[in-house]
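Examining the three-dimensional arrangement
Residues per chain, in single letters:
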Amino acid sequence: MNNIVAIVGRPNVGKSTLFNRLIQRREAIVDSVSGVTRDRNYGKSEWNGKEFSVIDTGGYIRGSDDVFEGEIRKQVELAIDEADVIIFVVDVEEGITPMDDAVARLLRKVTKPVLLAVNKVDNAMREKDAIEFYNLGLGEYYTFASISGSGTGDLLDALIDAFPIKPEPTQEEIALPRFAVVGRPNAGKSSFINALIGKDRYIVTDIAGTTRDSIDTKFDRFGFEFNLVDTAGIRRKAKVKEDLEFYSVMRSVRAIEHADICILIIDATRGFEGQDQSIFWLAEKNRKGVVILVNKWDLVEKETMSTRDYEEKIREELMPFTDVPILFVSALTKQRLLKALEATVKVFDSRQQRIATSKFNEYMLKVIEAYPPPATKGKYVKIKYCMQLPTKTPQFVFFANMPQYVKEPYKRYLENKIRDNWDFSGVPIDIYIREK
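Residues numbered from 1 in each chain as written. Predicted model: local features only at pLDDT ≥ 70, side-chain atom pairs only at ≥ 80, totals over all residues. Heavy atoms only, no water.

Focus on a negative patch on the surface
Let me state the cut-off plainly: Patches here: salt-bridge-free residues with over 30% relative accessible area, like charges joined within 9 Å, nonpolar side chains (Val, Leu, Ile, Met, Phe, Trp, Tyr) joined within 5 Å. All accessible areas in this document rest on Shrake-Rupley with a 1.4 Å probe, and a residue is counted as covered only by the protein chains that are shown. When a carboxyl oxygen of Asp or Glu is within 4 Å of a side-chain nitrogen of Lys or Arg, the pair counts as a salt bridge. Charge counting follows a simple rule: Lys and Arg are positive, Asp and Glu are negative, and His as well as the terminal groups are ignored. Where a charge lies is defined by one atom per residue type, namely NZ (Lys), CZ (Arg), CG (Asp) and CD (Glu). Burial here depends on accessible area, computed with a 1.4 Å probe over protein chains only, as a share of the maximum for the residue type. Under 20% is buried, over 50% is exposed, and the range in between is partly exposed.
Taken together, the side chains of Asp 309, Glu 312, Glu 316 and Glu 317 make up a negatively charged region of the molecular surface. Residue Glu 316 is classed as exposed on the basis of its relative accessible area of 57%.

Structure follows, in structure tokens:
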């Protein structure tokens, strides 16, 4: 599982610029997720062969007189809770400010690695000015310029060295699929998990997860056996009142990367909101299987909203990835919980399925012949062979004479045809066009 890096600091020190540089350094491994109400808060990066997730807390801080008490404290505390390594960004032009001191006081109390990154150091004079940041009491600092990229290599080298060594999962953990229950706070995650576990506590064993605070509950009931990754009930209720969107994304990053399938629980009384979308796209970008459970359906007035209308509204928000199981459940009355488990196991099996190359070519080449790629500049694209790649998630490659002329709409057409013939509901699919 990837390590998580949180970039913290007061407003306008260059956190977002550093974040953008990290996730855009190599486009092949970049996976940035844009929330509906926030810009670029989560991404994936890689350095020296090690992948890691990056969270930018910058967009959540509002510049006002009471910024520290109102926003910085809770964002830094949440970042401290969830991240493996923290990058604390300061500005050499302004030197140490009272707000920097306040953030540093919080960071001095933690046992996790904290890298002090001094931004806007682009000449020898500023290199000397950076010495004052020793006064923050965080030890060694790293100078860099986020705009030009100068010095970021040394910072990233130190970052990789600071990552904790994570134990290898045991054979039992590898064998059992992991289903993560994710969603907004108060959507009913705890109630869902409690309803599944029931009163027969003897069927539950707590297995120490590979991460600091994820708990795997081994579920063995109704003919199903899997590890249920519980992300609910870990944080104190007092903290749930704080920035809910930031909290839910931080918790979901950890849970999603730790899982095979994500069970996204949404509150039927509130609808499919921005936070739900953010968490859904986190799962999709991480190529995890997804099942959506609309919880508290027993509280919705059925005259005003039918299941069909509600489902259509959700699928509109999910476009273009609309092939996702959506079930209406109630954790309180245990309505359709068994069906929810069956759907989740089915998505897991679909994600694992392998299609024989001969069968895949037999079907897909006929599809391509019936509707070939559109000609571009008088040039006709011919696809003669295709196959499924031997990867953990479903990936398909099509060999063409001019792959550069096959555009996204045609890739979506190929994906839709694959979904028409094979069950990949709830599973993201990757389509690659390569030169034969």
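Topic: the pairing of strand β12 (residues 289-295)
Keep this limit in mind: Helix numbering and strand numbering both begin at the N terminus, where a helix is a DSSP run of H or I of at least 4 residues and a strand a DSSP run of E of at least 2. For two strands to be treated as a pair, DSSP must find at least two bridges joining them. The handedness of a crossover follows from its direction of travel: if, with the strands pointing away from the viewer, the path from the first strand over the helix to the second runs clockwise, the crossover is right-handed.
Along β12, 7 of the 7 residues are buried, which leaves the element largely enclosed by surrounding structure. On β12, burial covers both faces: Gly 289, Val 291, Leu 293 and Asn 295 on one face and Val 290, Ile 292 and Val 294 on the other are all buried. Summarising the sheet, strand β11 (residues 261-267) and β12 pair through 7 bridges and their orientation is parallel. Bridge assignment links Leu 264 to a residue of β12, and that residue is Ile 292. The handedness of the β11 to β12 crossover, carried by helix α10 (residues 274-285), is right-handed. In terms of strand pairing, β12 meets strand β13 (residues 326-328) through 3 bridges, oriented parallel. Of the residues in β13, the one forming a bridge with Ile 292 is Ile 326.

Some remarks on the nonpolar core
The line we're drawing: Buried Ala, Val, Leu, Ile, Met, Phe, Trp, Tyr and Cys residues form a nonpolar core when they are joined through side-chain atoms within 4.5 Å. Where each domain begins and ends follows an automated or database-derived domain assignment.
Within the largest apolar cluster, 51 residues are counted, with the highest numbers of intra-cluster contacts made by Phe 88, Leu 107, Phe 280, Ile 292, Val 294 and Ile 314. Each of two domains, domain 1 (3-162) and domain 2 (178-352), supplies a minimum of three residues to this core. By size, the runner-up hydrophobic cluster in this structure holds 50 residues, among which are Val 181, Val 329, Ala 331 and Phe 396.

Side note on helix α11 (residues 307-318)
Quick note on the threshold: Residue count minus one, scaled by 1.5 Å, sets the expected span of a helix. When we speak of the arc, we mean the arc of directions from the helix axis to the C-beta atoms. Contact criterion: two residues are considered in contact whenever any of their non-hydrogen atoms come within 4.5 Å of each other.
Counted at 1.5 Å a residue, the expected span for α11 with its 12 residues is 16 Å, and the 17 Å between its end C-alpha atoms agrees. Every buried residue of α11 is listed here: Tyr 310, Ile 314 and Leu 318. Taken end-on, α11 shows its buried residues confined to a sector of 80 degrees, consistent with a single buried face. Exposed and facing more than 90 degrees away from the buried side of α11 are Arg 308, Lys 313 and Glu 316. The elements touched by buried residues of α11 are β11, α10, β12 and β13.

All quantities given are derived from atomic positions and should not be read as evidence of function.
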